[in-house]
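Take a look at the letters that make up each chain.
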Amino acid sequence: MVLERWEKQLNDLFEGQPCDMYDAALSDTVSKYPVDIQPFRDMIEGMRLDLRKSRYNNFDELYLYCYYAAGTVGLMSVPVMGIAPESMASTESVHNAALALGIANQLTNILRDVREDARRGKVYLPQDELAQAGLFEDDIFLRQVTEKWRSFMKGQIKRARMFFDKAEKGVVSLTRLVDGRYGHPYCYMGRSCMQLKLMTISL
Ligand SMILES: CC(C)=CCC/C(C)=C/CC/C(C)=C/CC/C(C)=C/COP(=O)(O)OP(=O)(O)O
């Protein structure tokens, strides 16, 4: 299976034996910076989870998925971006901020793509919170924008914003910031916060 092959290639490239040019680029990065293999393994695990799971009972379960899908990217990025020696922040707090940025970004994508995901049979919203709000899956599938839905979504948007707030504190501690869509943390923050704002306005 593809994911097993990726896992094997991942181990190989971390040992300096890349199998293609993409792996060679990552292998080179791994040789230059103290990158840990675990977030990469966790990302593959997330893909496995996504193949077998289409509902999330509560936020804890959803958080774990968000960690696999995007929190991992935050943890992969920190060793490359570097923590400024003069920064007073602990390594742990910078990792937590990077993790929070990944979670915030993934939550935003989930809220943005609710309908598209539902069409594929996927609901990445906590089932217990949907039930508490008096919502049923048909409200999603039938695209019912009711008062209940509006209020539920406002709560979800608020939570995503909280993760962005948590992330923001860590950015100042980074040393090597690269511009571009998949580079600078502020790019993710700006783009996703704009998406959250547009969602709020359209509710
Ligand atoms: C904050 C600190 C201390 C460090 C930042 C470390 C970084 C760069 C973290 C990035 C985390 C992050 C935003 C991960 C998400 C990666 C991901 C799955 C991107 C795809 O998302 P979009 O680009 O929004 O997707 P669409 O193309 O569907 O819109």
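Residues numbered from 1 in each chain as written. Predicted model: local features only at pLDDT ≥ 70, side-chain atom pairs only at ≥ 80, totals over all residues. Heavy atoms only, no water.

What follows covers the pattern of salt bridges. Evaluated as defined, the whole model comprises 12 salt bridges. Among the salt bridges present, the one from K32 reaches D28, with a minimum N-O distance of 2.8 Å. Pair noted here: K32 and D28 are both in helix α2 (residues 21-32), with a separation of four residues, about one helical turn. What makes K32 exposed here is its relative accessible area of 55%. Taken together, the shared-partner salt bridges in this structure form one network comprising E4, E7, E45 and R48. (Salt bridge = Lys/Arg side-chain N within 4 Å of Asp/Glu carboxyl O. Helix = DSSP H or I, 4+ residues; strand = E, 2+ residues; numbered from the N terminus. Buried < 20%, exposed > 50% of the residue type's maximum accessible area, 1.4 Å probe, protein only.)

Interface extent is often summarised as the accessible area lost during association of the parts. Domain assignment breaks the protein into domain 1 (1-32) and domain 2 (37-202). The C-alpha centroid of domain 2 is placed 26 Å from the C-alpha centroid of domain 1. Of the residues lining the interface, 10 residues belong to domain 1; the matching set on domain 2 comes to eight residues. Carbon and sulfur atoms supply 76% of the area buried between domain 1 and domain 2, which totals about 900 Å² over both sides. Per-residue buried area on domain 1 facing domain 2 is highest for L3, E7 and L10; these three make up 49% of the total on that side. Seen at the junction of domain 1 and domain 2, the total is two salt bridges. A salt bridge links E7 to R48, with the shortest nitrogen-to-oxygen separation between them at 3.0 Å. Joining domain 1 to domain 2, the criterion identifies two residue pairs in polar contact (both at pLDDT 80 or more). Those elements that provide at least two residues to the side of domain 1 that touches domain 2 are α1 (2-14) and α2. A per-element tally of the side of domain 1 that touches domain 2 places α1 first, with seven residues. Counted by class, the side of domain 1 that touches domain 2 contains six nonpolar, two polar and two charged residues. (Domains from an automatic or database assignment. Contact = heavy atoms within 4.5 Å. Buried area = accessible area lost by both parts, 1.4 Å probe. Polar contact = N/O pair within 3.5 Å; in protein donor to acceptor, adjacent residues only side chain to side chain. Nonpolar A, V, L, I, M, F, W, Y, C, P; charged D, E, K, R; others polar.)

It is worth spelling out the confidence of the model for the protein at this point. Model confidence for the protein is summarised by a mean pLDDT of 92, while 97% of its residues fall at 70 or above. Interface confidence in the predicted complex, given as ipTM, is 0.93; pTM for the same model is 0.93. (pLDDT = per-residue confidence, 0-100.)

This part covers the packing of helix α4 (residues 59-81) against helix α5 (residues 91-112). Relative orientation of the contacting elements α4 and α5 amounts to 125 degrees, with a least axis distance of 7 Å. On the basis of their axis angle, the class for α4 and α5 is oblique. For α4 against α5, the interelement crossing comes out right-handed. Counted together, F59, L62, Y63, Y65, C66, Y67, A69, A70, G71, G74, L75 and V78 of α4 and V94, H95, A98, L99, G102, I103, Q106, L107 and I110 of α5 form the full contact between these two elements. Partitioned by chemical class, the residues of the contact of α4 with α5 number 16 nonpolar, five polar and no charged. (Axes fitted to C-alpha atoms, helices over the stretch in contact; angles between N-to-C directions. Parallel < 35°, antiparallel > 145°, perpendicular 65-115°, else oblique. Left-handed = near helix turned anticlockwise from the far one by under 90°.)

This paragraph deals with the side chain of Q156. Tracing the sequence through the fold places Q156 in helix α9 (residues 147-171). Within the structure, the side chain of Q156 is placed 2.8 Å from the side chain of E129, a separation counted as a polar contact. Setting aside anything within four residues of it in sequence, one finds Q156 in contact with L111, P126 and E129.

UniProt feature "transmembrane region" (unreviewed entry): in the numbering of this structure it lies at residues 62-84. Secondary structure across residues 62-84 divides into 87% helix and 0% strand, with the first and last C-alpha atoms of the span separated by 32 Å. (UniProt positions renumbered as here; feature names shortened; annotations may be inferred.)

Turning to the environment of A70, a few remarks are in order. Examined against the element boundaries, A70 turns out to sit in helix α4. Along the sequence, A70 and L101 sit 31 residues apart, while their C-alpha atoms lie 8.3 Å from each other. Once residues within four sequence positions are removed from consideration, A70 is found in contact with G102 and Q106.

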